[in-house]
2 protein chains.
Amino acid sequence: MLSLTAVLVAVVCVLIVWIFKPADRSLQKKEREPEARPWVDEDLKDSTDLHQVQEDVDEWPESEEDVEHILFSHTRYPEKEMAKRSQEFYELLNKRRSVRFISNEQVPMEVINNVIKAAGTAPSGAHTEPWTFVVVKDPDTKHKIREIIEKEEEINYMKRMGQRWVTDLKKLRTNWVKEYLDTAPVLILIFKQVHGFTASGKKKVHYYNEISVSIACGILLAALQNAGLVTVTTTPLNCGPPLRMLLGRPPHEKLLMLLPVGYPSKEATVPDLKRKALDQIMVTV
Amino acid sequence: MLSLTAVLVAVVCVLIVWIFKPADRSLQKKEREPEARPWVDEDLKDSTDLHQVQEDVDEWPESEEDVEHILFSHTRYPEKEMAKRSQEFYELLNKRRSVRFISNEQVPMEVINNVIKAAGTAPSGAHTEPWTFVVVKDPDTKHKIREIIEKEEEINYMKRMGQRWVTDLKKLRTNWVKEYLDTAPVLILIFKQVHGFTASGKKKVHYYNEISVSIACGILLAALQNAGLVTVTTTPLNCGPPLRMLLGRPPHEKLLMLLPVGYPSKEATVPDLKRKALDQIMVTV
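Nothing here was measured: the structure is a model prediction, and the numbers come from that model.

Analysis parameters
Residues numbered from 1 in each chain as written. Chains lettered and ligands numbered in written order. Predicted model: local features only at pLDDT ≥ 70, side-chain atom pairs only at ≥ 80, totals over all residues. Heavy atoms only, no water. Pairing = 2+ DSSP bridges. Helix = DSSP H or I, 4+ residues; strand = E, 2+ residues; numbered from the N terminus. Axes fitted to C-alpha atoms, helices over the stretch in contact; angles between N-to-C directions. Contact = heavy atoms within 4.5 Å. pLDDT = per-residue confidence, 0-100. Buried < 20%, exposed > 50% of the residue type's maximum accessible area, 1.4 Å probe, protein only. Parallel < 35°, antiparallel > 145°, perpendicular 65-115°, else oblique. Left-handed = near helix turned anticlockwise from the far one by under 90°. Nonpolar A, V, L, I, M, F, W, Y, C, P; charged D, E, K, R; others polar.

**Looking at the sheet that holds strand β2 (residues 131–136) of chain B**
Piece 1. The four strands are arranged β8(A)-β2(B)-β3(B)-β6(B) in an open sheet whose pairing can be described as mixed. In the strand order of this sheet, the two ends are held by β8 (282–284) of chain A together with β6 (253–261) of chain B, each with one partner. Here the average twist between neighbouring strands, direction ignored, is 20 degrees.
Piece 2. The pairing of β2(B) with strand β3 (residues 186–193) of chain B spans six bridges and is antiparallel. Residue pairing for β3(B): Trp131(B) is matched across the bridge by Lys192(B).
Piece 3. Sitting on the sheet, helix α4 (residues 109–119) of chain B touches β8 of chain A together with β2, β3 and β6 of chain B, and the angle it makes with β2(B) is about 165 degrees.
Piece 4. Against the sheet, helix α8 (residues 209–227) of chain B contacts β2, β3 and β6 of chain B, and its axis sits at roughly 155 degrees relative to β3(B).

**Section: the confidence of the model for chain A**
Close inspection of predicted coordinates is inappropriate in any region flagged by low pLDDT.
Piece 1. When pLDDT is averaged along chain A, the result is 81; 70% of the residues meet or exceed 70.
Piece 2. Both confidence scores are given for the complex: pTM 0.79, ipTM 0.79.

**A look at the sheet that holds strand β2 (residues 131–136) of chain A**
Piece 1. Spatial strand order, β6(A)-β3(A)-β2(A)-β8(B): four strands in an open sheet with mixed pairing. The sheet is open, and its two edges are formed by β6 (253–261) of chain A together with β8 (282–284) of chain B, each paired on a single side. Shown here is a sheet whose adjacent strand axes are inclined to one another by a mean of 20 degrees, direction ignored.
Piece 2. As paired elements, strand β3 (residues 186–193) of chain A and β6(A) share eight bridges and run antiparallel to each other. When the bridges of β6(A) are listed, Ile190(A) appears paired with Met257(A).
Piece 3. Across the sheet, helix α8 (residues 209–227) of chain A is in contact with β2, β3 and β6 of chain A; its angle to β3(A) comes to roughly 155 degrees.

**Some thoughts on the environment of Ala83(A)**
Piece 1. When you line up the elements, Ala83(A) lands in helix α3 (residues 79–94).
Piece 2. Measuring from C-alpha to C-alpha, the distance between Ala83(A) and Glu267(A) comes to 36 Å, with 184 residues separating the pair along the chain.
Piece 3. Among residues more than four places away in sequence, those in contact with Ala83(A) are Glu110(B), Val111(B) and Asn114(B).

**Notes on the environment of Gly240(A)**
Residue and element names in this part refer to chain A.
Piece 1. Along the chain, Gly240 turns up in helix α9 (residues 240–246).
Piece 2. Residue classification places Gly240 among the buried residues on the basis of a relative accessible area of 6%.
Piece 3. Between the alpha carbons of Gly240 and Glu253 there is a distance of 9.3 Å; along the sequence they are 13 residues apart.

**Structural notes on the packing of helix α4 (residues 109–119) of chain A against helix α3 (residues 79–94) of chain B**
Piece 1. Interhelical geometry of α4(A) versus α3(B) gives an angle of 15 degrees and a closest axis separation of 9 Å. Here α4(A) is positioned roughly parallel relative to α3(B), judged by the angle of their axes. You can see that α4(A) and α3(B) cross each other, and the crossing is left-handed. Where α4(A) approaches α3(B), its residues Glu110(A), Val111(A), Asn114(A), Lys117(A) and Ala118(A) are matched on the opposing element by Met82(B), Ala83(B), Ser86(B), Gln87(B), Phe89(B), Tyr90(B) and Leu93(B).
Piece 2. The residue makeup of the contact of α4(A) with α3(B), split by class, is seven nonpolar, three polar and two charged.

See the structure below:
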């Protein structure tokens, strides 16, 4: 009788702990959340949903429709011209620098349209073209964007970042005051669409959306440099949800990058950085 | 005495389950692993280590060193020329297509060097330049790469992919036979360095390495198009570890993209796809 009771109690205890332990742990996690952020759950769910799929597929079909195949039309240059074109393209892009001091002078919208059209030629997984470029010219909206980003940046620097990261940034004299968000005549906010919708309204997975949109951003940076405009690459991921809501973008669009665009201010400076030589980035087999 | 024993047993059981349950669960996970892949643990550990940091930072300082700041030198074009340059750049890139039929004709290595130098001008988090471009010309190595990728692709199509994905691909007449991996004169495998090393040999976090390297790939695609070469964007992530080992790259380098590069074969076809119009990808505020 004595040992029977003990065994019974033991079994019951084991079961109770087994059942409640994981629930208890997820509860603890929730309690640790620093402040109420209504959008966080929704946004996190969207990206975790897609995580497994993104790691498993590896081919980029150009579309999911049964499109006709046509002969590819190609422009081929003589070898000497290829060498010249590629050298000149490198020299043009090698002059690009991240510029944080941007003049308030207006830029031609025709040029902004063209650089975004160029970015839109990027390849994308299953030809989903999962990007939205939000061009902000309105001074009030720019200022609200600045307020959201500076508030979040300050929290980052003061609370969330490890001491190492803060030290790294100090050395560069960067801080959380982002004047260029007010002065740049144009802010381009690039959103990745983590999924789309079928004709019947069902969710359609966007394979490799982050890589696709980052490639488009690379082309956008090249296009801006080619046009004689400057920018600085910023990725205010933590500000994504409030910025998305400010700009009225839907929940399946996540902010990937923010580029303030304009002419450099007269006194603009840049750190005197060198780039790695070819033999430090290329290996031939 | 009876209840004391029961309570004692209960407490001991609770403790035992509490301590062993998580260990037991990670054990189960290991057992589910389909085949022995010696590199998987190492590779997964590297990326999960960095996950939290990558989501928390949002500024791209250009370097961690206390470098001198110098006056930025800028080339400004008249507005009319900006419009012309940006229009021509768009038209050039709009002719780019993903080409899967690549001729075995050799391409000038000077041009390959230049397009990779152009890619190396991309911005990167904390100016880490976290990219390695492996240029494969050796036919045997190309063939081994093809074998690794086709084997993995076949598994993808047959086993791992959902029925929906296989159907999507069928419509495009794509399958896991990748002839271009043998015929293309050059394969460029782009690796992201998920961390680097300090002078004393400690791990140095590479913030935003995947976005940085994807931006570099966007510039690389533009540079190839500018030079009159073709490619197709592929991301054989599951083949990353065996390809990394084949090419002798260290564990902190992960394959992000593989680009077969060359001239199009004479009979090359492409799906007759359209790109979204500007008003479908751009919003002005």
